[in-house]
Number of protein chains: 2
Amino acid sequence: MALNHSRQRDAIMDFLSYRKDHPTAEVIYDNVKKVYPKISLGTVYRNLTLLADNGVIRRLRTRDSKDHFDADLSPHYHFMCNGCGCITDIFLDHTKELEAAANELTPGMITGHEVFFYGTCPSCMKIKNET
Amino acid sequence: MALNHSRQRDAIMDFLSYRKDHPTAEVIYDNVKKVYPKISLGTVYRNLTLLADNGVIRRLRTRDSKDHFDADLSPHYHFMCNGCGCITDIFLDHTKELEAAANELTPGMITGHEVFFYGTCPSCMKIKNET
DNA sequence: AAATAAAACAGTAATCATTACTGATTTAGA
DNA sequence: TCTAAATCAGTAATGATTACTGTTTTATTT
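Residues numbered from 1 in each chain as written. Chains lettered and ligands numbered in written order. Predicted model: local features only at pLDDT ≥ 70, side-chain atom pairs only at ≥ 80, totals over all residues. Heavy atoms only, no water.

Visitor: Could you clarify how one ought to interpret helix α3 (residues 41–53) of chain A in this entry?
Guide: Each turn of an α-helix holds 3.6 residues, which means side chains three or four residues apart point in the same direction. All names here are of chain A. The end-to-end C-alpha distance of α3 is 18 Å, a good match for the 18 Å that 13 residues give at a rise of 1.5 Å each. Buried residues of α3: Thr-43, Val-44, Asn-47, Leu-48, Leu-51 and Ala-52, and no others. The buried residues of α3 occupy an angular sector of 155 degrees when the element is viewed end-on, so they sit on one face. Of the surrounding secondary structure, the elements contacted by the buried residues of α3 are α1 (7–18), α2 (25–32), β1 (58–61) and β2 (67–70). Phi for Gly-55, located one or two positions after α3, is positive at around 75 degrees. (Helix = DSSP H or I, 4+ residues; strand = E, 2+ residues; numbered from the N terminus. Expected span 1.5 Å × (residues − 1). Buried < 20%, exposed > 50% of the residue type's maximum accessible area, 1.4 Å probe, protein only. Arc of directions from axis to C-beta. Contact = heavy atoms within 4.5 Å.)

Visitor: What should I look at first to understand the interface of chain B and chain A in this one?
Guide: Think of interface size as the accessible area that goes away when the parts come together; that is how it is often given. With 35 residues of chain B at the contact, the number on the chain A side is 35 residues. Both sides together, the interface formed by chain B and chain A hides about 2,700 Å², and carbon and sulfur atoms give 66% of it. Linking chain B with chain A are two salt bridges. Put simply, Arg-63 of chain B and Glu-114 of chain A hold a salt bridge, and the shortest N to O gap is 3.7 Å. Applying the counting criterion to the chain B and chain A interface returns 10 residue pairs in polar contact (both at pLDDT 80 or more). Listing elements by their share of the side of chain B that touches chain A, those giving two or more residues are α4 (95–105), β5 (109–120) and α5 (122–130) of chain B. Partitioning the side of chain B that touches chain A into residue classes produces 18 nonpolar, 11 polar and six charged. (Buried area = accessible area lost by both parts, 1.4 Å probe. Salt bridge = Lys/Arg side-chain N within 4 Å of Asp/Glu carboxyl O. Polar contact = N/O pair within 3.5 Å; in protein donor to acceptor, adjacent residues only side chain to side chain. Nonpolar A, V, L, I, M, F, W, Y, C, P; charged D, E, K, R; others polar.)

From the geometry alone we can't say anything about function, so treat these as descriptive.
Here it is, written out as structure tokens:
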């Protein structure tokens, strides 16, 4: 596979590293374009897939049918707001416990899991209360 | 919204009720077509969306980028095989506990959550060992 | 049972996120 | 500097899902 470096891939990785909101390919594209105006959306997608396949980043599949990406590989869960679609991290200690419990109940072999919480974020709760 | 009945919708619901493997719209279409040969894929999609929006069934978004549907509304989690893509149920008691713990850490309001375990199912493990 | 309006249908076109393809450019190592 | 592999920009294609249109069912009222 031999992952080289490239200005574009590094820029994507860089952008993703300092963002904590797990942006979509589109958002990443819009932002990296500020630095590399000629970058194409295809390049963004190709690199995100490449990085995800090599375990450098995580791909999150959510209810909004767009993929989101996360450069933080530490075990943690996510919360998505049903109102605005924003995503935030949730760090719980249940990781190993959950996986162990699930492994006991399953004849197969479990190698990982994802948890998504859904609900309403603080700013969307405000809006609701005002209405 | 006023959900009537219709032969097609009832057939979809019926099929989904006795299947435990959370089929995709395509699979549901192929099967319901045996009973209603003229049913269209659009009808299947429209009804699945309608049923999901009315809380009669659950829509599962997975790594395979196809939606899967589940007529079992009881709180439970899912396991998906990375090999063949099959999905099975996992019943754990952690539901309330997890959500309570997450709610403490989040300024927003959590109303539900989904857990997906990934790994290798028994039959795919066999195949691996034989190779 | 006939009349009627709302809901649902089949069939098909359109959408949208993502992936694949092509010929040109960049990268890394000799 | 040279060269092969990797990557790129740009664009076409894919695949799941949704929207649209004119017709048929459904539930309800007479």
